[in-house]
Amino acid sequence: MYNTSSYVSQTPSLTLPRITFTDCSEPVDLVFVLDSSWSLMSEDNFAKELQFVTSVANALAEQMGQSRLSVITFSDDAKMAIPLTMYSLTSEFTKKVLDLPWIGGNTYTDKALEMMYKQFDAYQTRGRRSVGVVITDGGSTDPFRTLSVIRKIKEKGINMFAIGVGMSINEEELRMIASSPVSEHKFMVENLDGLKMLQRTLVTGICPGPTKTPICSSEPADIFFLVDASSSLLNQENFAKELQFVVRIVDNIIVGARPDDSRVGVITFSTDATLEFGLSRHTSNRAVKDAILALNFTTGDTFTHKAIDIMYDQFSKFMRRSPRVKKIGFVITDGQSTDPNSLRASIDKVKGLGIEIYAVGCCEVSGAGDFDSQELEMMASDRSKVAQVDNLDKLNEITFKLNLKTCT
C-alpha cells in the first residue's frame with residue numbers, strides 16, 4: 001500500500017486581493033442539540049432550526065478542514081440523528097439535516113446533553129476541540145437531572161453555546177448550560193426567525209482564533225480529475241467519498257479565468273466515459289466544487305482507458321501551452337480496468353503530451369476482486385504519485401501537496 005505525500009514545485013506569480021476571515025483551521029467536533037418538542041408547534045418551526053444549523057455548517061465549511069459535525073434531537077427521548085463519524089462532506093450533512101423529522105413530546109434536555117457528552121467521549125481525538133450548541137424553546141422537563149448532566153459537561157471542558165427561543169425559555173437553565181464567559185455563549189431570540197441574526201456571532205464563537213489577513217499566491221495548472229463511477233462502488237454514498245477527495249484537492253488550488261489561475265475539468269467513467277465539464281467551464285473554486293458534488297453515480301464496468309482518451313483529447317485541444325502552466329491528471333478508481341491493454345496504450349499517449357499523472361486506488365468495495373497495484377504504478381508518472389488505500393473512508397488520509405496555492 002502506498003500512502004504518500006507528493007510535491008509539484010512552486011513559483012509564486014500572483015498576489016490576490018487581501019481578504020479577512022476568522023481563523024478556524026483547528027479541527028473541531030461540533031454537535032448541534034436541537035429541541036424537537038411539542039412547544040415548537042409545527043414542522044415549519046422545526047425546519048427553521050434545521051435551516052439555521054445548515055447555514056452555520058456552510059459558513060464554517062471553507063475553514064474547518066477535517067472537523068466533524070453531528071446532530072442530536074430531543075423531546076421525550078434523545079435521538080442521535082447524525083453521528084460525528086457519518087457525514088464529513090458538508091453537502092451530505094446539509095441534505096441529511098434538512099430531512100430530519102419533527103418528533104413532538106416533552107423537553108428532556110438532560111437526555112440529549114448526556115448523549116452529547118458520551119459521544120464526545122466515544123470519538124475523542126487528540127487535537128480536536130469539543131463544541132456543543134443547544135437550541136431550545138422551553139425549560140427542561142427534568143431540571144434537576146439536567147443540572148446534574150451539565151455539571152458533568154463542565155468537568156469535561158466541553159465548550160457550550162446555549163440559544164433560547166421565545167418567551168417560555170428558562171434563562172437560568174441556559175446560563176448554566178453556557179460556557180464562560182456566559183455573555184459570549186448564551187443567546188436569546190424572540191422567535192425562530194431571529195436565529196438568522198445569530199449565524200455570524202455563533203461562527204465567530206466556534207472559531208475563536210484571531211482575525212487575520214492572508215496573502216495568497218498561485219501557480220497556474222490545468223487539471224483533469226478522472227473519477228470511477230462503476231458498479232463496484234455499489235452506491236451513491238461511496239461515490240460521494242471519491243468526490244469528497246477531489247474537492248479536498250480543489251481546496252488547495254486557486255481556480256479562475258486569469259492567466260495565473262488554475263483550471264479544472266472532470267471526467268467520470270464506467271462502461272462509458274463522460275466529460276462532465278471541461279477546463280474553461282467553471283471559473284471559481286466554489287463553482288467547481290458545487291459541480292463536482294452534484295455528480296451522479298452511474299454504474300457499469302471499469303473502462304478506464306475511455307476516460308484517459310477523453311482527457312488526451314481535451315488536453316490536446318485546450319491546454320495552455322506555456323511551460324509555466326502545470327498539466328496534471330488525477331485518476332481515482334476502485335478497481336482494475338476492464339481493458340488493461342487499451343489502458344496502457346492510452347496512458348502512453350497522454351504521457352507523450354507531458355501530462356503529470358497521479359493514480360489513486362482503493363479497495364473493490366463489492367469484494368469482487370483484488371486491486372491491481374501494478375496498474376496504478378503503470379498509470380502514474382512515477383511511484384511517488386501513487387496512493388492506495390484499503391477503505392474509501394481512508395481517502396481523507398491521502399495528501400498530495402501540489403503547492404499550487406500558498407497563503408501567508
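Everything here concerns the structure above.
Analysis parameters
Residues numbered from 1 in each chain as written. Predicted model: local features only at pLDDT ≥ 70, side-chain atom pairs only at ≥ 80, totals over all residues. Heavy atoms only, no water. Salt bridge = Lys/Arg side-chain N within 4 Å of Asp/Glu carboxyl O. Helix = DSSP H or I, 4+ residues; strand = E, 2+ residues; numbered from the N terminus. Expected span 1.5 Å × (residues − 1). Buried < 20%, exposed > 50% of the residue type's maximum accessible area, 1.4 Å probe, protein only. Arc of directions from axis to C-beta. Contact = heavy atoms within 4.5 Å. Axes fitted to C-alpha atoms, helices over the stretch in contact; angles between N-to-C directions. Parallel < 35°, antiparallel > 145°, perpendicular 65-115°, else oblique. Nonpolar A, V, L, I, M, F, W, Y, C, P; charged D, E, K, R; others polar. Phe/Tyr/Trp six-rings, centres within 6.5 Å; stacked < 30°, edge-to-face > 60°. Lys NZ or Arg CZ within 6 Å of the ring centre and 35° of its normal.

Draft legend 1. Summary view of the pattern of salt bridges. Within this structure, the stated rule accounts for 22 salt bridges. Via salt bridges that share partners, Asp-110, Glu-114, Lys-118 and Arg-145 belong to a single interconnected network.

Draft legend 2. Looking closely at helix H10 (residues 340-352). The first and last C-alpha atoms of H10 sit 19 Å apart over 13 residues, in line with the 18 Å expected at 1.5 Å per residue. Listing the buried residues of H10 in full gives Leu-343, Ser-346, Ile-347 and Val-350. The buried residues of H10 occupy one face: seen down the axis, they fall within an arc of 105 degrees. Seen from the open side of H10, the exposed residues pointing more than 90 degrees away from its buried face are Asn-341 and Gly-352. Buried positions along H10 lie against helix H9 (304-318), strand S14 (356-362) and helix H11 (373-379). Backbone geometry just after H10 places Gly-354 at a positive phi near 85 degrees.

Draft legend 3. Expanded view of the packing of helix H7 (residues 236-250) against helix H8 (residues 285-293). It is at 10 Å that the axes of H7 and H8 come closest, and there the two elements cross at 170 degrees. Between H7 and H8, the angle is such that the two are roughly antiparallel. When H7 is examined against H8, the residues Leu-243, Val-246, Val-247 and Val-250 are found in contact with a partner set consisting of Asn-285, Val-288, Lys-289, Ile-292 and Leu-293. For the contact of H7 with H8, the residue count by class is seven nonpolar, one polar and one charged.

Draft legend 4. Region of interest: the packing of aromatic side chains. The full count for this structure, using the stated rule, is five aromatic pairs. Where Phe-239 meets Phe-297, the ring centres are 6.0 Å apart and the plane angle is 35 degrees; that geometry is what we call tilted. Pair noted here: Phe-239 is in helix H7 and Phe-297 is in the loop between H8 and H9, with a separation of 58 residues, a long-range link. For the ring pair Phe-330 and Tyr-358, a centre distance of 4.7 Å and an interplane angle of 15 degrees mean the geometry is stacked. In this pair, Phe-330 sits in strand S13 (residues 326-333) while Tyr-358 sits in strand S14, placing the two residues 28 residues apart along the sequence. For Phe-330, a relative accessible area of 0% translates into the label buried. Through a chain of ring-to-ring contacts, three or more aromatic side chains come together here, namely Phe-225, Phe-330 and Tyr-358. Its end group placed over the ring of Tyr-108, Lys-111 keeps NZ or CZ at 4.5 Å from the ring centre. Lys-306 extends its terminal NZ or CZ atom over the ring of Phe-303, reaching a point 4.5 Å from the ring centre.

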